[in-house]
Amino acid sequence: MAALQRSAFFDAIQQHDPESTTVVHSLSGRSFKFGGLLQDVAKSKDNLLKATGKTEDQLAGERIAFVVENSYDYVVTLLACLASNTIAVPLAPSFPASELRYILNHSQALALLHSSTFAKVAQEVLKDGLDQQPISVALEKIKEQKGQSSSPVELKGESNAAEGGMMLYTSGTTARPKGVLLPQPVLIAQCRSLIQAWNYTSKDRLLHVLPLHHIHGTVNALLAPVLAGSTIEFMFPFNVDAVWKRLAAPFIASSNEHKPPITFFTVVPTIWSRMLQSWSDLPDDLKEAAGEAIQRKNLRLSISGSAALPTPTKKAWTDLSKGNVLLERFGMTEVGMALSCGLDDIDRIDGSVGWPLPSVEARLVDPDTQEIIKPGEETTSEGKERSGEIQLRGPTIFKGYWRNPEATKKEFTEDGWFKTGDIAVRKPVHGAGEGKSGEWATGPAYFIHGRKSADIIKTGGEKVSALEIERELLSLPQVKECAVVGLPSEAWGQKAAAIIVLTEQGKTAGRGGKEWSALDMRRALKDKMVAYKIPQDMKIVDELPRNAMGKINKKDLVQKVFGDLVAIRRRSIAAAEERAQAKAKEAAEQAKGGANGHA
Ligand code: AMP
């Protein structure tokens, strides 16, 4: 009988109903049951041992990179890495070969596994030679289990396998991507925390449209459902029409396809907004069925995260789905999910990411004074909100950056808290945080102001949140998308500026039917926010460049859109500083001369 080392994942899989579906490929209908999963993992692990020529002990802790499409084969490959105590390094097939080579070199991968679909990608990556040439392994496509029951797999040994895990690479907006090491116990803690908060069950069917080299797609939408016994239906890459059709399918009376309703959908804000934008183009029968599919009684849970959810998007979805409110959460590669709104509607607060998830400890620390903002001290004596960096601790936090002890040391405090670099405030919200969604969702809720490095604009001694201004801009009918950034300013240090994609209405909303202008924007915001927060400059663009998770790289964007202006301002600030210094020097010399004269 095949055997695997015990782990929370494998124990759980063995206990799930063997007849229940674990993974289904949405378009082809290729479908796999929990009953065969451990057997496939054991086979895949054996293949790995054979292909690398290593013993189990030698293999433990090695990095195994793989490029496999979003499918049952991906799930098995990832679990086989965990089963062999190796560190799985999932690669994004969409990345350029140079990026993939960097990851292989940096992680010192022992092997690169690839499915037949990505044989060319692997070939391209390996052709120029790497620092340590990985063993190239072609994976065979796993056959669909038709009827036959799989032989049982014995689980033995300790259930706390520690050496293996998963390593994800950060998007590297400031430096080269860093390898975030998530040991198996961290992955298990992250999944358990989510299962407790969001109540994944074996009745859930999750539609999976996210990339699988990111924490959202791998932990929230893959490992947690596997641990909970839910079904994952892969439908990648995201295609808005296909998603609408799939959601609607079970509710189209004439359809002879028997697709079960989707109960769980977790995506990024840009996907929610694309679904809303495409709604009006759907044919009437599809609209009717899809309208039914997205109601709470069918789609139990719809989640948004990985970037800020604009309130108008949240509201529009609530209206369209007849009250199925989106649940927002906050997380990052290094920590999995950290904060989340609750299952009870009262705990899905607009603009908030809720409370620290089960087992997560969170605190806010004033970035200037390093003072901890204790509960009850969230406002100053003058009644001003105190914002602070979110710092986190607990079993869900990553172990460190791979081969980068300096970065690891820099991002943790002496007493072991991880510094997220995200700024937030904490506020009590009437009716919310009273434990209706669970013990963990109590007290004042967190509201994200943005990344310390890109979203906090220091203007005339005040700190302004780019995310807060973006929220206000997005509530205007002229604004389709926007990014608020800080530009250097001689008078104010920094000043907010907006980069905007106009709606159709916005294109003729200016004076005399012209395009909406900076002046129109300032006028529109006048009654909504204090003057110093209102962006001074504005540029209209056709689209905002976003990565696969809907995130904007603001550093690149500022350079692209406002590069010349920034250079001019920097020069004038430098010139002003020079003038000021020269004046100070002159004054000092005069004073000295005067003093000498009197002596
Ligand atoms: P990543 O590690 O690529 O998932 O990026 C993590 C970053 O995404 C966080 O540090 C936040 O800046 C941002 N982020 C994630 N979720 C949210 C959210 N709900 N609201 C605002 N920002 C978010």
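Residues numbered from 1 in each chain as written. Predicted model: local features only at pLDDT ≥ 70, side-chain atom pairs only at ≥ 80, totals over all residues. Heavy atoms only, no water.

Named according to an unreviewed UniProt entry, the protein chain is AMP-dependent synthetase/ligase domain-containing protein originating from Zasmidium cellare ATCC 36951.

1. Some thoughts on the overall build of the protein chain
Within the protein chain, the regular secondary structure consists of 16 helices and 28 strands. Its C-alpha atoms put the protein chain at 100 × 65 × 50 Å along the principal axes. Per-residue burial for the protein chain yields a buried fraction of 55% across its 599 residues. Sequence separation of at least 24 residues holds for 69% of the intrachain contacts in the protein chain that already meet a minimum separation of 6. A total accessible area of about 27,000 Å² is found for the protein chain, and carbon and sulfur atoms account for 50% of it. Of the side chains in the protein chain, 74 bear a positive and 71 a negative charge, and the two mean positions are spaced by 2 Å. (Helix = DSSP H or I, 4+ residues; strand = E, 2+ residues; numbered from the N terminus. Buried < 20%, exposed > 50% of the residue type's maximum accessible area, 1.4 Å probe, protein only. Contact = heavy atoms within 4.5 Å. Areas by Shrake-Rupley, 256 points an atom, 1.4 Å probe, with all protein chains shown as cover. Lys, Arg positive; Asp, Glu negative; His and termini not counted. Charge placed at Lys NZ, Arg CZ, Asp CG, Glu CD.)

2. So, helix H9 (residues 240-248)
All buried positions along H9 are accounted for by Val240, Val243, Trp244, Arg246, Leu247 and Ala248. Turning to H9, the residues buried within the fold contact strand E11 (205-208), strand E12 (231-234), strand E13 (264-267), helix H10 (269-279), helix H11 (284-293) and helix H12 (311-320). Its side-chain oxygen 3.0 Å from the backbone nitrogen of aspartate 241, asparagine 239 forms the N-cap of H9. (Polar contact = N/O pair within 3.5 Å; in protein donor to acceptor, adjacent residues only side chain to side chain.)

3. Some remarks on the environment of arginine 569
Residue position: arginine 569 is located in helix H16 (residues 554-598). On the accessibility criterion, arginine 569 (18% relative accessible area) is buried. On a C-alpha basis, the gap between arginine 569 and alanine 83 in space is 56 Å, while along the polypeptide they are 486 residues apart. When near neighbours in sequence (up to four residues on either side) are disregarded, arginine 569 contacts Leu487, Pro488 and Asp537. For arginine 569, the side chain forms a polar contact with the main-chain oxygen of proline 488, separated by 3.3 Å. Side chain to side chain, arginine 569 and aspartate 537 meet in a polar contact 2.9 Å long.

4. Digging into the pattern of salt bridges
Under the counting rule described, the total for this entry stands at 38 salt bridges. For aspartate 11, the salt bridge goes to arginine 6, with nearest N and O atoms at 3.0 Å. Overall, aspartate 11 belongs to the buried group, its relative accessible area being 17%. Arginine 205 is paired through a salt bridge with glutamate 233; the nearest N and O atoms lie 2.7 Å apart. Taken together, the residues span a long stretch of sequence, with arginine 205 in strand E11 and glutamate 233 in strand E12 at a distance of 28 residues. For the pair arginine 205 and glutamate 233, one class covers both residues: buried. Here the residues in one salt-bridge network are Arg205, Glu233 and Arg246, joined through shared partners. (Salt bridge = Lys/Arg side-chain N within 4 Å of Asp/Glu carboxyl O.)

5. Looking at the sheet that holds strand E6 (residues 111-114)
The strand order E7-E6-E4-E5-E9-E10-E21 describes an open sheet built from 7 strands, whose pairing is mixed. Strands at the two margins of the open sheet, each flanked by one partner only, are strand E7 (135-138) and strand E21 (400-401). Sheet topology places strand E5 (residues 87-90) next to strand E9 (residues 165-169); 2 bridges connect them, and they run parallel. Of the residues in E9, the one forming a bridge with alanine 88 is methionine 166. Sheet strands touched by helix H5 (residues 97-107): strand E4 (63-67), E5, E6, E9 and strand E10 (179-183). Its angle to E9, the strand with the most contacts, is close to 135°. Contacts from helix H6 (residues 119-126) reach E4, E6 and E7 within the one sheet, and its direction differs from that of E6 by about 155°. (Pairing = 2+ DSSP bridges. Axes fitted to C-alpha atoms, helices over the stretch in contact; angles between N-to-C directions.)

6. Describing the site of the ligand
Near the ligand, the surroundings consist of 15 residues, among which Glu328, Arg329, Thr333, Asp422 and Lys551 are the closest. The separation between an oxygen atom of the ligand and a polar side-chain atom of histidine 214 is 3.1 Å. Between the ligand and the protein, one listed contact pairs a nitrogen atom with a backbone N or O atom of arginine 329 at 2.8 Å. Take the shell around the ligand: its biggest share by element is 5 residues, from strand E15 (residues 327-332). For the shell around the ligand, the per-class residue count stands at 6 nonpolar, 4 polar and 5 charged. (Near = heavy atom within 4 Å. Nonpolar A, V, L, I, M, F, W, Y, C, P; charged D, E, K, R; others polar.)

7. A short note on the domain arrangement of the protein chain
Domain assignment breaks the protein chain into domain 1 (1-163) and domain 2 (454-568). Each of domain 1 and domain 2 has a C-alpha centre, and the two are 45 Å apart. (Domains from an automatic or database assignment.)

8. Comments concerning the side chain of histidine 214
Looking at the secondary structure, you find histidine 214 in the loop between E11 and helix H8 (215-228). Of note is the side chain of histidine 214, whose polar atom sits 3.2 Å from the backbone nitrogen of histidine 216. With sequence-adjacent residues up to four places away left out, histidine 214 is seen in contact with Leu168, Ser306, Met549 and Lys551.

9. What to know about the sheet that holds strand E19 (residues 372-373)
The antiparallel open sheet is built from 5 strands, whose spatial order is E19-E18-E20-E22-E23. Edge positions in the sheet fall to E19 and strand E23 (445-451), since each has one partner strand and no second. In this sheet, strand E22 (residues 418-427) lies alongside strand E20 (residues 388-393) in antiparallel orientation, the contact comprising 4 bridges. Counted as the bridge partner of glutamine 391 is lysine 419 from E22.

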